[in-house]
Amino acid sequence: MNFSLIICTYMRSQPLLTLLNSVNKQALYPNEILIIDGSTDTKTESVLIKNSFNNLKYFKVDDVHRGLTKQRNFGISKANIASDIICFLDDDTVLDSKYFATLMATYVTYPEALAVGGYITNEVQWETAKEENLISKFYFDGWQRKEPSRFRMRKKFCLEPDTAPGFLPTFSHGRSIGFLPPSGKIYEVEQLMGGVSSYKASIFKTLSFSSYFEGYGLYEDADFSIRLAKTGKLYINTSAQLCHYHDGSGRPNQYNYGKMVIRNGWYVWRVKYPNPTLKSQFKWHATALLLTSVRFINVITSNKRKEALSESLGRVVGWLSLLLNKPQKKNKMNYTQILNLPHKVVLHFKTLGFQGGMLLFKRYIRKNNSFKILLPKYKAPIFLRNNTSDIGVFYQMFLSKSYNIGIDNSPKVIIDCGANIGLSTVFFKNKFPDAQIIAIEPEKSNFDMLKKNTKFYTNIHCLHNGIWNKSTNLSIEDDNLGHWGFTVTEVDFENENTISAISINDIMIEFNIKQIDILKIDIEGSEKELFEKDFENWLSITKVLIIELHDGLKKGASKSFFKAITKYDFRMIRKDENLIFYMN
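So, here's what we can say about the structure. (Residues numbered from 1 in each chain as written. Predicted model: local features only at pLDDT ≥ 70, side-chain atom pairs only at ≥ 80, totals over all residues. Heavy atoms only, no water.)

### Focus: the pairing of strand E17 (residues 460-463)
The condition is simple: In this description, strands pair whenever DSSP reports at least two bridges between them. In DSSP terms, a helix is any run of H or I states spanning at least four residues, a strand is any run of E spanning at least two, and both are numbered starting from the N terminus. When the strands point away from the viewer and the connection leading from the first strand across the helix to the second strand turns clockwise, the crossover is called right-handed.
Two elements, strand E16 (residues 436-440) and E17, share four bridges in a ladder whose sense is parallel. By the bridge assignment, Ala 439 is partnered in E17 with Cys 462. In this fold, the crossover linking E16 to E17 by way of helix H13 (residues 444-454) has right-handed handedness.

### Some remarks on the nonpolar core
Within soluble globular proteins, side chains that are nonpolar generally end up buried alongside one another. To keep things clear, this is the line we draw: Take the buried Ala, Val, Leu, Ile, Met, Phe, Trp, Tyr and Cys residues and link them wherever side-chain atoms come within 4.5 Å; each set so joined is a nonpolar core. Whether a residue is buried, partly exposed or exposed follows from its accessible area with a 1.4 Å probe, protein chains only, as a fraction of its type maximum: under 20%, in between, or over 50%, in that order.
Counting 41 residues, the largest nonpolar core has Ile 382, Leu 384, Phe 394, Phe 398, Leu 423, Phe 428 and Ile 546 as its most contacted members. Leu 34, Ile 76, Phe 151 and Ile 236 belong to the second-largest nonpolar core, a separate cluster that totals 33 residues.

### Comments concerning helix H3 (residues 68-78)
Counting buried residues in H3 gives nine out of 11 residues, a clear majority hidden from the surface. Residues of H3 that are buried include every one of Leu 68, Thr 69, Gln 71, Arg 72, Asn 73, Phe 74, Gly 75, Ile 76 and Ser 77, and no others.

### Quick word on the sheet that holds strand E9 (residues 143-146)
Here we have three strands laid out as an open sheet, ordered E7-E9-E8, and antiparallel in their pairing. Each edge of the open sheet carries a strand with a single partner, namely strand E7 (127-128) and strand E8 (137-140). Here E7 pairs with E9 via two bridges, running antiparallel. The partner of Thr 128 across the bridge, within E9, is Trp 143.

### Points about the sheet that holds strand E22 (residues 516-521)
Here is the rule we go by: Interaxial angle, 0 to 180 degrees, is taken between N-to-C directions of lines fitted to C-alpha atoms, where a helix line uses only the stretch in contact. In what follows, a contact means two residues having at least one pair of non-hydrogen atoms within 4.5 Å.
What the seven strands build is an open sheet, ordered E17-E16-E15-E22-E23-E25-E24; its pairing is mixed. Both outer strands of the open sheet, E17 and strand E24 (570-575), are each paired with one neighbouring strand and no more. Strand-to-strand twist of the sheet, defined as the mean angle between neighbouring strand axes without regard to direction, takes the value 15°. Two strands pair when backbone bridges link them, and strand E15 (residues 413-417) and E16 are joined in this way by five bridges, in the parallel orientation. The partner of Ile 415 across the bridge, within E16, is Ile 438. Strands in contact with helix H12 (residues 423-431) are E15, E16, E17, E22 and strand E23 (542-547); relative to E16, the strand with the most contacts, it is inclined by about 175°. Along the sheet, H13 makes contact with E16 and E17, crossing E17 at roughly 170°.

### Brief notes about the packing of aromatic side chains
We apply this condition: Side-chain rings of Phe, Tyr and Trp, where Trp is taken by its six-membered ring, are said to pair if the distance between their centres is within 6.5 Å; with planes under 30 degrees apart they count as stacked, over 60 as edge-to-face, and otherwise as tilted. Counting as a charge over the ring demands two things of the Lys NZ or Arg CZ atom: a distance within 6 Å of the ring centre and an angle within 35 degrees of the ring normal.
If you walk through the whole model with that rule in mind, you get 29 aromatic pairs. Taking 5.4 Å as the distance between ring centres and 65° as the angle between the ring planes, the aromatic pair formed by Phe 531 and Trp 538 counts as edge-to-face. Exposure class is identical for Phe 531 and Trp 538. Each is buried. In this structure an aromatic cluster arises from ring pairing among Trp 126, Phe 138, Phe 140, Phe 151, Phe 179 and Tyr 187. When the ring centre of Phe 179 is taken as origin, the NZ or CZ atom of Arg 175, which lies over that ring, is 4.8 Å away. Note that Arg 270 overlies the ring of Trp 269, its terminal NZ or CZ placed 4.7 Å from the centroid.

### Points about the packing of H12 against H13
Convention followed: Should an angle fall under 35 degrees it is taken as roughly parallel, and over 145 as roughly antiparallel, whereas 65 to 115 is taken as roughly perpendicular and any remaining angle as oblique. Two helices crossing with the near one rotated counterclockwise from the far one by less than a right angle form a left-handed crossing, whereas a clockwise rotation gives a right-handed crossing. Three classes are used, and their members are as follows: Ala, Val, Leu, Ile, Met, Phe, Trp, Tyr, Cys and Pro are nonpolar, Asp, Glu, Lys and Arg are charged, and the others, Gly among them, are polar.
H13 packs onto H12 with a crossing angle of 20° between their chain directions and a minimal axis gap of 9 Å. Classified by the angle between their axes, H12 and H13 sit roughly parallel to one another. At the point where H12 passes H13, the crossing takes the right-handed sense. Counted together, Leu 423, Thr 425 and Val 426 of H12 and Leu 450, Asn 453 and Thr 454 of H13 form the full contact between these two elements. Tallied by class, residues from the contact of H12 with H13 come to three nonpolar, three polar and no charged.

### Some thoughts on the packing of helix H5 (residues 149-156) against helix H8 (residues 278-301)
Their axes nearest at 10 Å, the elements H5 and H8 cross at an angle of 135°. The angle between H5 and H8 falls in the class oblique. Between H5 and H8 the crossing geometry is right-handed. Together, Arg 150, Met 153 and Arg 154 of H5 and Thr 287, Leu 290, Leu 291 and Val 294 of H8 make up the contact between the two elements. Here the residues of the contact of H5 with H8 sort into four nonpolar, one polar and two charged.

### So, the environment of Thr 106
Selection rule: We define a polar contact as two N or O atoms separated by no more than 3.5 Å, with the added condition that, inside protein, one atom must be a possible hydrogen donor and the other a possible acceptor, whereas residues neighbouring each other in sequence contribute only through side-chain atom pairs.
Of note, Thr 106 is situated in helix H4 (residues 99-109). When the C-alpha positions of Thr 106 and Ser 239 are compared, they lie 10.0 Å apart, and in sequence the two are 133 residues distant. Excluding residues within four positions of it along the chain, Thr 106 makes contact with Val 116, Ile 186 and Asn 237. In terms of polar contacts, Thr 106 uses its side chain to reach the backbone carbonyl oxygen of Thr 102, at 2.8 Å.

Take a look at the structure:
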């Protein structure tokens, strides 16, 4: 799974360096790191010149693109088009070494997830719940933390939130995800903290961060995630941990911050509830005024009296401004798509040549048609179906080059299990023209494309079967993941909706194979059954094994695979979504 990391920064060169040092220690390292710098000095650039980090790209933006939401949209426009996930981090965070690995694993566990957020560990002290009757404590999922005074006061006035943490009540003013405990669990939410978030890259084809939020952009993350939650699932993984140190530089003064709390809070509330009831409107205003009163009390009780007074006055002015000048949504404009276009064009033509570059044009002009592309130095054209997962597979294969692996000798036998429409088969054949390739694909429409894409090549054998550990019948199931996400299940009957399974042992016998030089396996969870039994004959003669594991589609797939592979002397590396094993 390819992922890009975008860090938007402003006048925080040293905190940024601390963050990047923690990124450098990650068990799973980003495919690219984009630094989007809105600073008005050169300190950040100087720090990055003196300290080198792999895969890092630096962009200095001007006034037109300065501001958190603008910088995020700018970063998205510069991200690698082959990225599956876009991650965002605040520049004053520090990561646990398994942060990215845990985030990416969540997308495997929950393939329907559109976004996954990380969990900040240094802001709240939690402990296992002891008594569930203290008014001074907040209880959730067997854990407890101190209940802030503002919530205790709200309860006295019947203004406490009526939704779980991470969800917005009908009158707004809910509990943030900071009220979720460090349980190690994954929780569904509708709000993420933007500075510790990640998203499927595909969502940015239709969504961008709102142009309403200028500069510091308070609550821009709530706005974006609430809009996104209307279309699918969002999660917080409390095992994806990091610390947030709230560096003071780059933040607005307390008066402006106070105004943002009220006005931006009102704006986000109306994004979720554009037509609230009179009761909800009353409770929103009552809560806003109550919290402003609490902030005024801090002028007496806090040791930061000036800041408390400035913020309180800002809240009052912000609330009064709602009576005359409510926040308005700006005209909709897919900022990300507009900025993405020139970057995409350059990347396509540079990497894929003229016809490959024309893919971008064909995608947008011929929306519902299939088309063909002839890549530089390829023997024959490649056929793709537009508006399908074929496009994503193409990017993965020829932009990300997922199967461009190092191998000592020219392979003679390649078995492609889960060949889909044949792009991996075509890639291998052009890279290793003398190899015999056996390509197996169970789904009929994909198999037809496989035949079409390989018909110009010799010594490629296409089998319309499913891969299993024995000869049996399989039923094909559509999990709504597109043409690359069909799964199969063993059945004890045969009809027009079933397909024959074939084992790798059967293939070895049919084609008289004595050694498998490259075995590629991408079979949407069926690796669980494949590696449960009868793998000894073929796994022992496999020189290079490339596999993508799918625990999100079938529980126990990884466990079955690793139990089998550890019996043999392989060394492993990771490339994108794949694990690559070389026989020693």
